[in-house]
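Chain residues, written in single-letter form:
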Amino acid sequence: MPTLVTGAFKLLNDALTWILYLIPAASGAAIGYHALMKQMSDGDPSVTAAHNRAIRNVLIAGAIGMSAASLVKVVLAYFK
């Protein structure tokens, strides 16, 4: 394989590895923040509903991001 292709392959593989580490950490921090804000809302139903939606959106986005990055890594492993 040419050096450019090998270098691009390694770069993409390393970047995806970092993404697979960062997504759960960032999702956990965002969920923690929204859970804390929901807890501090003093039972206001609209604020609680907004933070529940935000937590749900973070979970969905994290799952999509992890799935997409994992799928690309599987495809890269095939071409290795």
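None of the values given here were measured: they were computed from a predicted structure.

Caption draft 1: Focus on the nonpolar core. Phe 9, Leu 16, Leu 20, Ala 69 and Leu 76 form the largest nonpolar core, which has five residues in total. Of all the secondary-structure elements, those providing two or more residues to this core are α1 (3-39) and α2 (45-79). Among the elements that line this core, the one with the most residues is α1, at three residues. The contacts of Phe 9, once residues within four sequence positions are left out, are Leu 76 and Lys 80.

Caption draft 2: Seen up close, the side chain of His 34. Relative to the helices and strands, His 34 is located in helix α1. Polar side-chain contacts of His 34 include one of 3.0 Å to the side chain of His 51. Contacts of His 34, omitting those with residues within four sequence positions, involve His 51, Ala 54 and Ile 55.

Analysis parameters
Residues numbered from 1 in each chain as written. Predicted model: local features only at pLDDT ≥ 70, side-chain atom pairs only at ≥ 80, totals over all residues. Heavy atoms only, no water. Core = buried A, V, L, I, M, F, W, Y, C linked by side-chain atoms within 4.5 Å. Buried < 20%, exposed > 50% of the residue type's maximum accessible area, 1.4 Å probe, protein only. Helix = DSSP H or I, 4+ residues; strand = E, 2+ residues; numbered from the N terminus. Contact = heavy atoms within 4.5 Å. Polar contact = N/O pair within 3.5 Å; in protein donor to acceptor, adjacent residues only side chain to side chain.

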